[in-house]
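# Topology and contacts: notes
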Amino acid sequence: MISDSLNNSTHQGRDYKRPQISKSLDIVKSDIHNATKNKAKSFKKSNTSQHSQDIQSIDPTFFTVTPINTFNESLEEEYCLPSIDLSYWKDEWRIYAEIISKEILVSNPNVKWSDIKGLTTPKKLLDEAIVLPTKYPDLFTGLCTPWSAMLFYGPPGTGKTLLAKAVATECKTTFFNITPSTLVAKWRGDSEKLIKVMFEMAEQMSPSTIFIDELDTIASKRIDHEASRRLTSEILIHMDGLLRSEKRIFVLATSNHPWELDTAIFRRLEKRIFVDLPDFQARKDMFIYYLSEMLQKHKYIECDIDSDSLAQETNGYSGSDIRLVCKETAMQAMRSIFQVLEKKSGNNIKFKITTKDVNNAISKTKPSTIGYVTTHINTATSSCSPQMGLGVDD
């Protein structure tokens, strides 16, 4: 009986207390909310009336309007991130669209035309194909339509990929950085669907640039396999066929072995440019840029070199080789600085790089394109040019 009465009293107490607590909390919350609203309204009214009185009491002749130029010039050079909308693709096509969207460049490579020494002809042709049609669309009509596909070929390390980075920085287009691993899939038919989605996405986000590095790895005439033939056929259809889009889609490809490309793919690449080794003036500008300009603000290193003699000594070196020579020269200077800093500490240490130091680095760094130039280029220009239209002056 005692336990029953306790249970009943406990049950009644719980049933009795719950509505009181919830009701009191609701009242408090509502009261606080109403009080806050009323206070905000009164504060707003008082501020408004006070503000109107202040405005009426101010003499309008007191103000002097000074135009302020708030335009930030750096915004012009800022990289615009592309807006990627995948709502167009449904079901399985959305998966392919997500794969391709990961290859859209969303970071600024920060490579300008002025950073590329030499290569005047490729830079001018890229300007004709991408930049000028945007500025003067009325001029590029009919037979004067801009180039839709371009191939850069030549020895490794001459700046082909660097030109693509400059296109992504300077040309303000949606840049697709496509690699062979993106397009090659293990399931039958997936590669063709990826290529289809890639061109459709480029059409939606036009003007667009599709950059395919080392095109010969996926469209080579030596690869005699059904999957490779189907992949190549899909590229051909979208580049120059019934499915070709009328919107501005520019295909930029690079290859170190253009004579291995499929003949039909090679024909679709309307402009073929041989990116040669840097000439005397380009090599001179590279030494000035890497050693004089880049080390100008260095705390411990200063430079005094004869760029003319260094350019003469590095005949046959690629741009990448010259960069390695300059890096080796700077590291030699750093090794000498390390030895001094280990013995004594101070901020008055200065190491001067001379022409002799650079020549020492040149003797340790051999050109990496000797075999390519003597073997492949001579073969290409002599035997492959009549059949494929491939030449040094193309």
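Here we summarise the structure given alongside this text. For every chain, the first residue of the written sequence is number 1, and numbering continues from 1 along that sequence. Local features in this predicted model are restricted to residues whose pLDDT is 70 or higher, and side-chain atom pairs enter the listing and the counts only when it is 80 or higher, whereas totals over whole chains, interfaces and linings include all residues. To get the side-chain values, take all heavy atoms of the structure and skip hydrogens and water.

### Concerning the packing of aromatic side chains
Rule in force here: Classification of ring pairs uses Phe, Tyr and Trp, with its six-membered ring standing for Trp, and accepts pairs whose centres are within 6.5 Å; under 30 degrees between planes counts as stacked, over 60 as edge-to-face, and the remaining range as tilted. Strands are runs of DSSP state E lasting at least 2 residues, helices are runs of H or I lasting at least 4, and numbering of each runs from the N terminus. Only protein chains enter the accessibility calculation, which uses a 1.4 Å probe. A residue is then buried if its area is under 20% of the maximum for its type, exposed if over 50%, and partly exposed in between. Consider the ring centre and the ring normal. A charge sits over the ring if Lys NZ or Arg CZ is within 6 Å of that centre and within 35 degrees of that normal.
Within this structure, the stated rule accounts for 4 aromatic pairs. Considering the side-chain rings of tyrosine 153 and phenylalanine 274, the 5.5 Å spacing of their centres and the 50° angle between planes classify their relative orientation as tilted. Of the two residues, tyrosine 153 sits in strand β1 (residues 149–153) while phenylalanine 274 sits in strand β5 (residues 271–274), which places them 121 residues apart along the sequence. Ring geometry for tyrosine 289 and tyrosine 290: centres 5.3 Å apart, planes at 65°, overall edge-to-face. On the basis of relative accessible area, tyrosine 289 is assigned to the partly exposed category, the value being 23%. Owing to a relative accessible area of 24%, tyrosine 290 belongs among the partly exposed residues under this scheme. The ring of tryptophan 93 carries the charged tip of lysine 193 above its face, separated from the ring centre by 5.9 Å.

### With respect to the state of the cysteines
Let me state the cut-off plainly: Disulfides are defined as cysteine sulfur pairs within 2.5 Å.
According to the stated counting rule, one finds 0 disulfides in the structure shown. Here cysteine 326 is not disulfide-linked; the sulfur of cysteine 303 is the nearest cysteine sulfur, at 8.6 Å.

### Here's the deal with the sheet that holds strand β2 (residues 174–178)
Basically, it comes down to this: When DSSP finds two or more bridges between two strands, those strands count as paired. Helix axes are fitted to C-alpha atoms over the stretch in contact, other axes to C-alpha atoms as well, and angles between N-to-C directions run from 0 to 180 degrees. Contacts are residue-level and defined by heavy atoms, with any inter-residue pair within 4.5 Å sufficient.
Pairing is parallel across the open sheet formed by 5 strands, whose spatial order is β2-β3-β4-β1-β5. Looking at which strands have only one partner, the edges of the open sheet turn out to be β2 and β5. Strand after strand, the sheet turns through a mean of 15° between neighbouring axes, direction not considered. Sheet topology note: the β1/strand β4 (residues 249–255) ladder contains 5 bridges and is parallel. Among the inter-strand pairings, leucine 151 is bridged to a residue of β4, identified as alanine 253. Relative to β4, helix α5 (residues 160–170) is tilted by about 160°, and along the sheet it contacts β1, β2, β3 (208–212) and β4.

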